[in-house]
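Each chain, letter by letter, is given below.
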Amino acid sequence: MKKIEIKTELPYNYRKLKGFFISPGMLSLFYDVKSVEVAGNLSYILNNKYNAIMYFSDVDIVWEIYNDKKLKDKISVWLYPIGDNTGLHLKFETNRILPLKKPLENEVKAGVELLKSLLDALRRF
């Protein structure tokens, strides 16, 4: 599996951010999501093609994306408070053949930077 790890600080409260990462909306940071259907408890179908299953504990949130019962991607998120902000440790792992590590890393970083800028704008207003 190809792995990409990102550690950063997000300008928003830890407790408020956790809700975003346990919702299927989080997947739109990494995928072109056109439709999301609830398939069961903490299980979703993305774009009528992929199965997304979420696991979470007090420490981390893990999303596993399957295509034809084969693990395609795994996203692990650790959130921790840093004063009024939130520390984020995100690990993105994929079994995809096509993406090269550098473009994939840039794609994941772009998603996290987009989230940072949206949260920063939200905090200002």
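Residues numbered from 1 in each chain as written. Predicted model: local features only at pLDDT ≥ 70, side-chain atom pairs only at ≥ 80, totals over all residues. Heavy atoms only, no water.

What about helix α1 (residues 14-21)?
Selection criterion: Throughout this description, buried means an accessible area under 20% of the type-specific maximum (1.4 Å probe, protein chains only), exposed means over 50%, and partly exposed covers the range between. Strands are runs of DSSP state E lasting at least 2 residues, helices are runs of H or I lasting at least 4, and numbering of each runs from the N terminus. To be clear, the arc concerns the directions from the helix axis to the C-beta atoms. Pairs of N or O atoms are called polar contacts if they sit within 3.5 Å, as long as, within protein, a hydrogen donor faces a hydrogen acceptor (for residues adjacent in sequence, only side-chain-to-side-chain pairs).
Every buried residue belonging to α1 is among Tyr 14, Leu 17 and Phe 21, and all of these are buried. Burial along α1 is one-sided: seen end-on, the buried residues are contained in an arc of 65°. In α1, the exposed residues that point more than 90 degrees away from the buried face are Arg 15 and Lys 16. Structurally, the start of α1 carries an N-cap: the backbone nitrogen of Arg 15 is 2.8 Å from a side-chain oxygen of Asn 13.

Considering the packing of aromatic side chains
Under the convention used in this document: Pairing of aromatic side chains here covers Phe, Tyr and the six-membered ring of Trp, requires ring centres within 6.5 Å, and sorts the geometry by plane angle: under 30 degrees stacked, over 60 edge-to-face, intermediate tilted.
Under the criterion given, the structure shown has three aromatic pairs. Here Tyr 44 and Trp 63 contribute two aromatic rings whose centre-to-centre distance is 5.9 Å and whose plane-to-plane angle is 40°, an arrangement assigned as tilted. Taken as a pair, Tyr 44 in strand β3 (residues 43-46) and Trp 63 in strand β5 (residues 60-67) lie far apart in primary sequence, 19 residues in all. Neither residue differs from the other here; Tyr 44 and Trp 63 are each classed as buried.

A closer look at the sheet that holds strand β2 (residues 36-40)
Applied cut-off: Pairing between strands is defined by DSSP: at least two bridges between the two strands are required. Axes, fitted as lines to C-alpha atoms, cover a helix only where it is in contact. Angles between the N-to-C directions of the axes lie from 0 to 180 degrees. Note on contacts: a residue pair qualifies if any of its non-hydrogen atoms lie within 4.5 Å across the two residues.
With antiparallel pairing, the seven strands of this open sheet are ordered in space as β1-β7-β6-β5-β4-β3-β2. Strands at the two margins of the open sheet, each flanked by one partner only, are β1 (2-10) and β2. Direction aside, neighbouring strands of the sheet carry axes that sit 20° apart on average. Each of β1, β4 (50-56), β5, β6 (70-82) and β7 (85-94) is contacted by α1, which is oriented at about 170° to β6, the strand it contacts most.

Concerning the side chain of Thr 94
Position of Thr 94 relative to the elements: it lies in strand β7. Thr 94 sits in the buried class, given a relative accessible area of 1%. A polar atom in the side chain of Thr 94 sits 2.4 Å from the side chain of Asp 73.

Remarks on the confidence of the model for the protein chain
Inclusion rule: The score called pLDDT rates the predictor's confidence residue by residue, from a low of 0 to a high of 100.
On average, the protein chain scores 85 in pLDDT, and the residues at 70 or more come to 90%. Taken element by element, the protein chain is modelled with least confidence in helix α2 (residues 101-124), mean pLDDT 71, and with most confidence in β5, mean pLDDT 95.

Observations concerning the nonpolar core
To be explicit about the condition: Think of a nonpolar core as a cluster: buried Ala, Val, Leu, Ile, Met, Phe, Trp, Tyr and Cys residues, connected wherever their side-chain atoms sit within 4.5 Å.
Phe 21, Leu 27, Phe 30, Trp 63, Ile 75 and Leu 90 are the most contacted members of the largest nonpolar core, which totals 30 residues. Of the residues forming this core, the biggest block, four residues, is contributed by α2. Contact partners of Phe 30, with chain neighbours within four places excluded, come to Ile 75, Leu 90, Phe 92, Glu 107 and Val 108.

Quick word on the environment of Lys 72
When you line up the elements, Lys 72 lands in strand β6. Residue Lys 72 is classed as buried on the basis of its relative accessible area, which comes to 16%. Sequence separation between Lys 72 and Asn 51 is 21 residues, and the spatial gap between their C-alpha atoms is 9.7 Å. Once residues within four sequence positions are removed from consideration, Lys 72 is found in contact with Tyr 50, Ile 65, Tyr 66, Glu 93, Thr 94, Asn 95 and Arg 96.

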